[in-house]
Every structure is written in structure tokens, then in C-alpha cells.
Amino acid sequence: MVEQMSGQSIEIIDLKKKFDRTPVLRRINLEVREGEFLTLLGPSGCGKSTLLRLLAGFEPANAGSIRIGGRDVSPLPPKARNIAMVFQSYALYPHMTVRANIGVPLEMSRLSFWQRQPGVALLSPGVRQIRKTMEADIDSVARQLGLEALLDRKPAQLSGGQRQRVAVGRAMVRHPAVFLMDEPLSNLDAKLRQQLREEIVDLHRRTGITFIYVTHDQTEAMAMSDRIAVMEGGEIRQCDTPEKVYDAPDYLSVARFVGTTAINEMPVEIRSGAVLVNGSPLQLRLSGIPDGAYRLAIRPERLQPAIKGMGDFSLPVEQVEFTGNEVGIRCNGAEIGAGVVRVQLRPESFARLPQGRRVGERLALQIAAEAALLFDQDGWRVISSTAPGADRHAVREVAREHFA
């Protein structure tokens, strides 16, 4: 039964891919643990869907290897890799019923060409028994996905969410060791997307199959994944838990990409541990970092109003947005070379502000050391020797060693 499935580990070693002379994947190294839910996250064109196609065997690599469950599958065709893939377009057969669509992989794997011919089951007890087993497997998958009442319908009679479930069911029925999902929810509305997101996570939990999920939607990635591999320009910039990718991004581009509201950035100088903005020192100190020019970044929800107005700087408020569970404040950061500066507060915190609640007022802000992210001129994060969790190794060296 589906609940007894188990996933397999995946090891990607020095994988490269070019189309003509254009590199699409640049030496990808990645380990996916057995039964893990790993998401490939990145903007369009970063190579995440290409990587998925190489894993499935739809495209050959120019260099490197892929191991699934310890076995090198690089030379194997898709059908020999024990992988199931769910596409963005669902790829259902419009002339077939839901039952027939789900059963297609079983037809192809369990029956020979002549056994699939009409009427053969009437003449062969063996074929009848195979088909009986196939029907039981289809019914089992349909029950898990809530499709029992839809088995006799055709795709045109289904909603977008129902068609997505059929596509998932067709993949599940093969009992794969690895699920590949290429932006499966991108064609759905927001409410249905959240519902199916929860269903996919529940499916992963119940089956224990290894999932590799591709999306450009960071909310999906953060909510669903055990780990996230952030891709950019055909490379993996960072692979870690959602919390680490959000709170401790290794690279400035990762910090910019992850987060529903853009991260705040400002140019700073470090002088003997002091942090200066436009020549004025902040209360913030970052020890153990060489003097020089850096970029300081901080999440909007971590940039706090100053107590009694005595902060690092004050900025004029340009816009206030109330969204129910939070209030977004947009400030003009030209005075500190930051462009737009965004602050997110709980409504109760916003209500306690002495000033800065109205457009035109100035909002005093302060930066806490534990919330500040510092990046060098190449975009790599650097860590203060006194910061919580500092290990005395620059992030750039650790990351380069891991992903080189």
C-alpha cells in the first residue's frame, strides 16, 4: 500500500549542463537525504527545472553523475530510475477518465503490449488478476486523495485542484522512491494553492517518499520544506533549513530573494568594530571584522522603533499600510543611502508609537546586533566574532568549500 512506501537518498556530484554553448547548470553538488522534502527555490531561468529534468532522465548531463539509493542512474532511462514526476501542466490525457489516467503507469509497467489489447482480459485469467490488483491500487490512491467520486470523470469535468490531485495520484500509484514536482501549484488560485500545499506536505509525511519540489514561490518553500536549496545563475547559493536560509543567508542575493517583504539594505563602514552610516556611528558594534566598506541588511520585522525616540537614525514616513495582523511602514531612507526602508510591526506595537504613525512624521529606528546581517563587497555574509553562533569561520569560506 502507499503508506508503506519509502524514499531513497539522492547524491548529485559535479553536475553540469549546457544548451549549445550556454551553461545552464554550473557544477551542482547536492545531497538529498532519504525521505527528505527538499525544495529548489529560485527565480525563473536559474536552472531549477533543468536540474529536475536531469534527475528524471529527460535530459542528459554534460558532466557529473546522479546517484539514487547509492546506485549511479546517470546512464539509465527515466523508467529505470524509480522516479515519478508531477508537471506544472498536469499532463493528463483528456480522452481518459480519472481512473484510466491514474492507471496509465500501471498499464505500462505491469502489462505487455499484447496484454493491453481490448478483450485479452476475457481470455486470460492471469491478465484478469493483474488488472484486479491494478484496480485495487488505483482505488487506494483515490481514497487518499479524495478522488473516489471522480474516478469516472474526464479532466475537462474537473477543477484545477482536482486535476492536480489526479496528476499526483498518477505519480503515487507507481510506488516511486522519489517524487519530483515542478511548480505543481502555480496555476491555482491562492486559497486552493494553500489547501493543496497542506495536502502535499501531509502526503510526504504519510508516505516517507523523498520529495524534490521546484518553485519560485518562497512562501511555498518556507512552509513545506525540510531544507531549501536556493539557486541563482545555475548554481546553488545556499542549502539549509528554512529558518537558516531566512535568518542567516550566506549571500546577499539569497537575503534579497527570500522574504515576502524586501529586506532593508544600506551601505556602511566598519572602523575598529564601529558601524558607520554616512560617517555617523550607529549604536551597533560588530567585532572581529576587518575595517572597510560593507552592506548591512535587516529584515523589516527586525528593524525596531527606538525606545523613547533615541535610536540609530530617524526617517520620514512615506506610507502606512494596515493588513490585519501587521502594519507596514515605508520610510524614505535617502538620508542613510538606503532608498526605501520598510518596517513591519504588530498593530499593538504600532499603536504605542509616540510618532511615526502618520505620513510626514519621522520614525526613530534602532538596529540590534543579533538582527543585523553584514555582507562584503562580493555579496558574501561575514560574521562578527561576538555574534550569537559565530564559529570564527567566514561564511564565504564555508560556503565555497561546500559548493565549489
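Everything discussed here concerns the structure shown above.
Keep in mind it's a predicted model, so treat the numbers as computed, not measured. (Residues numbered from 1 in each chain as written. Predicted model: local features only at pLDDT ≥ 70, side-chain atom pairs only at ≥ 80, totals over all residues. Heavy atoms only, no water.)

1. Some details on the packing of aromatic side chains
- A full pass over the atoms with the stated rule returns five aromatic pairs.
- Ring plane angle 25° and centroid distance 5.3 Å describe the contact between Phe37 and Phe211, whose orientation is recorded as stacked. In this pair, Phe37 sits in strand S3 (residues 37-41) while Phe211 sits in strand S8 (residues 210-215), placing the two residues 174 residues apart along the sequence. Accessibility classification places Phe37 together with Phe211 in one group, the buried group.
- For the ring pair Phe58 and Phe87, a centre distance of 6.1 Å and an interplane angle of 20° mean the geometry is stacked. Residue Phe58 is located in the loop between helix H1 (48-56) and strand S4 (63-68), and its partner Phe87 is located in the loop between strand S6 (83-86) and helix H2 (98-110); the two are separated by 29 residues in the primary sequence.
- For Phe87, a relative accessible area of 27% corresponds to the partly exposed category.
- In this arrangement the basic side chain of Arg237 is found over the ring face of Tyr251, its NZ or CZ atom lying 4.2 Å from the centre.
- When the ring centre of Tyr246 is taken as reference, the NZ or CZ atom of Arg299 above it lies at 4.1 Å. (Phe/Tyr/Trp six-rings, centres within 6.5 Å; stacked < 30°, edge-to-face > 60°. Helix = DSSP H or I, 4+ residues; strand = E, 2+ residues; numbered from the N terminus. Buried < 20%, exposed > 50% of the residue type's maximum accessible area, 1.4 Å probe, protein only. Lys NZ or Arg CZ within 6 Å of the ring centre and 35° of its normal.)

2. Quick notes on the sheet that holds strand S5 (residues 71-72)
- Strands sit in the order S2-S1-S4-S5 across an open sheet of four strands; the sheet is antiparallel. Single-partner strands in this sheet number two, and they are strand S2 (22-32) and S5.
- Where strand S1 (residues 10-19) meets S2, seven bridges bridge the pair, whose relative direction is antiparallel. Within the sheet, the bridge partner assigned to Lys17 lies in S2 and is Leu25. (Pairing = 2+ DSSP bridges.)

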